[in-house]
Amino acid sequence: KTLELAERQVKAGRIEEAIAKYKKLLAGDTPDVGIHNIIGDLYVQLGRNSEAVQSFQTIAKHYESKGFHSQALAIYKKINKIDPDDVINIVRMGDLFSSQGFTAEARREYLKAEQKLRRGNRIKELMFLYDKLIKLERDNIVYKLTLAELFRQEGFIDEAVGQLNDAAALYLGRDELGEAEKVVEQARWLKADDQRTMSNLVEILKKSNRRKYAVELVDEILQKDPGNIHFQNVLGSLYLEERQLDRAEDIFTRIVSEHPLETKARIKLGKVYAIQDRPEKAFEIFEPLMASLIKKRKEDKAVGLLGIVLSAEHLYLPALEMLAAIYKAKNHKTHLEVVNRVILEEA
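Now for a quick tour of the structure. (Residues numbered from 1 in each chain as written. Predicted model: local features only at pLDDT ≥ 70, side-chain atom pairs only at ≥ 80, totals over all residues. Heavy atoms only, no water.)

A few words now on the packing of aromatic side chains. Aromatic ring pairs are reported here in terms of the distance separating the ring centres and the angle at which the planes meet. Using the criterion set out here, one finds five aromatic pairs in the structure. Ring centres 6.0 Å apart and planes at 65° place the aromatic pair Tyr130 and Tyr143 in the edge-to-face group. Placement of Tyr130 in helix H8 (residues 123-136) and of Tyr143 in helix H9 (residues 141-153) is noted, with a sequence separation of 13 residues between them. On the basis of relative accessible area, Tyr130 is assigned to the buried category, the value being 6%. A relative accessible area of 8% places Tyr143 in the buried class. (Phe/Tyr/Trp six-rings, centres within 6.5 Å; stacked < 30°, edge-to-face > 60°. Helix = DSSP H or I, 4+ residues; strand = E, 2+ residues; numbered from the N terminus. Buried < 20%, exposed > 50% of the residue type's maximum accessible area, 1.4 Å probe, protein only.)

Next comes the structure, spelled out in structure tokens:
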């Protein structure tokens, strides 16, 4: 009865009265999508766009809660036609495109929102938007540099330095060392003592054949902070790469003796011993680590460590025997046969 009366009032042009009647039909927890849609369209006829948007938003949120993303997206598009400057609505469209795997469409909507936010100098909202863009395209350096600058403007120095280092790491991965160094210098200017920044700079110096300066840089850091395990490892690795094995051994031995659970240093020390053709020492240093890995069912990693021991010039029978035991337990018969033949020849 109410519905018929509302329809008659619409035909008669009495839109306000029709809306009042339709609203009487909105009861219960679950919104009546059809009625909200009619009310929204009637508000549009009256030019009361904000109220129309409210009705359509109710529909869109309902669709989203039910997982009907395509239907929700259609409603958000409808809202966008009514109010093309509503940034929240544009971003929501981008989110829905993203959730369905439509990366290009999501990027298009996010960049529309970006232009509007930038015109309004809405920096904090821009930061959230660029975070979404980075999640959409994790290898996009421009987005990271832009977000770093936004963080800097707002005084979020640690966050800015983090984004700059992310960008530098991407440049390093592409061997664009000049660009990487420029970005790292920006990060150093913002926060001179940041560990990740200095690590990236060491990597740049290494890759650009300036290893001497890399060693000097790490030495300077360790003079100020001698207990820094990370840079102790970095210095030891530099010596290992340069085949300055005595120095590398000294550093890694000191780390392992002071910090027995420092796995990275333990593995590097084992590599030093293997290169020195001291497989028994490498096996000894790896033994507790391998026992733990086997106990945790991570036999592949234990095999990797045994591979380091067996890379020494002379084969070490206990390492071969442990390798055979792992293959036997895993029933890898082909590998086991190969190892047993090597053991037989060595014996």
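Read on, since the account is not over.
This part is about the side chain of Glu249. The residue Glu249 is located in helix H15 (residues 245-258) in this model. When its relative accessible area of 17% is taken as the criterion, Glu249 is described as buried. Dropping the residues within four chain positions of it, Glu249 is found in contact with Leu269, Val272, Tyr273, Gln276 and Arg278. (Contact = heavy atoms within 4.5 Å.)

So, on to H8. Here H8 contains 14 residues, and its C-alpha end-to-end distance of 20 Å stays within 8% of the 20 Å for a straight helix at 1.5 Å per residue. Of the residues making up H8, those classed as buried are Ile123, Leu126, Met127, Leu129, Tyr130, Leu133, Ile134 and Leu136. On its buried face, H8 sits against helix H6 (87-99), helix H7 (103-119), H9 and helix H10 (157-173). (Expected span 1.5 Å × (residues − 1).)

Attention shifts here to helix H19 (residues 317-329). With 13 residues, H19 should cover 18 Å at 1.5 Å per step; its first-to-last C-alpha distance of 18 Å lies within 8% of that length. Restricting attention to buried positions, one finds in H19 the residues Ala319, Leu320, Met322, Leu323, Ala324, Ile326 and Tyr327. A positive phi of about 60° marks Asn331, the residue just after H19.

Moving on, we get to the environment of Leu150. Relative to the helices and strands, Leu150 is located in helix H9. According to the relative accessible area criterion, Leu150 is buried, its value standing at 2%. Here the alpha-carbon distance between Leu150 and Leu126, two residues 24 residues apart in the chain, equals 7.8 Å. Excluding anything up to four places from it in sequence, Leu150 contacts Ile123, Leu126, Met127 and Tyr130.

Moving on, we get to the pattern of salt bridges. Inspection of the entire model under this criterion finds 28 salt bridges. Note that Glu154 and Lys124 form a salt bridge whose closest N and O atoms lie 2.8 Å from each other. Here Lys124 lies in helix H8 and Glu154 lies in the loop between H9 and H10, a separation of 30 residues in the sequence. Residue Glu154 is classed as partly exposed on the basis of its relative accessible area, which comes to 29%. Here Arg152 ties to Glu149 by a salt bridge, and the two come within 2.7 Å at their closest N and O atoms. Taken together, the residues Arg152 and Glu149, both in helix H9 and three residues apart, mark about one turn of the helix. Accessibility expressed as a relative area gives 34% for Arg152, which makes it partly exposed. Its relative accessible area of 34% is what places Glu149 among the partly exposed residues. In the salt-bridge network here, residues are joined through shared partners; they are Glu203, Lys206, Arg211, Glu241 and Glu242. (Salt bridge = Lys/Arg side-chain N within 4 Å of Asp/Glu carboxyl O.)

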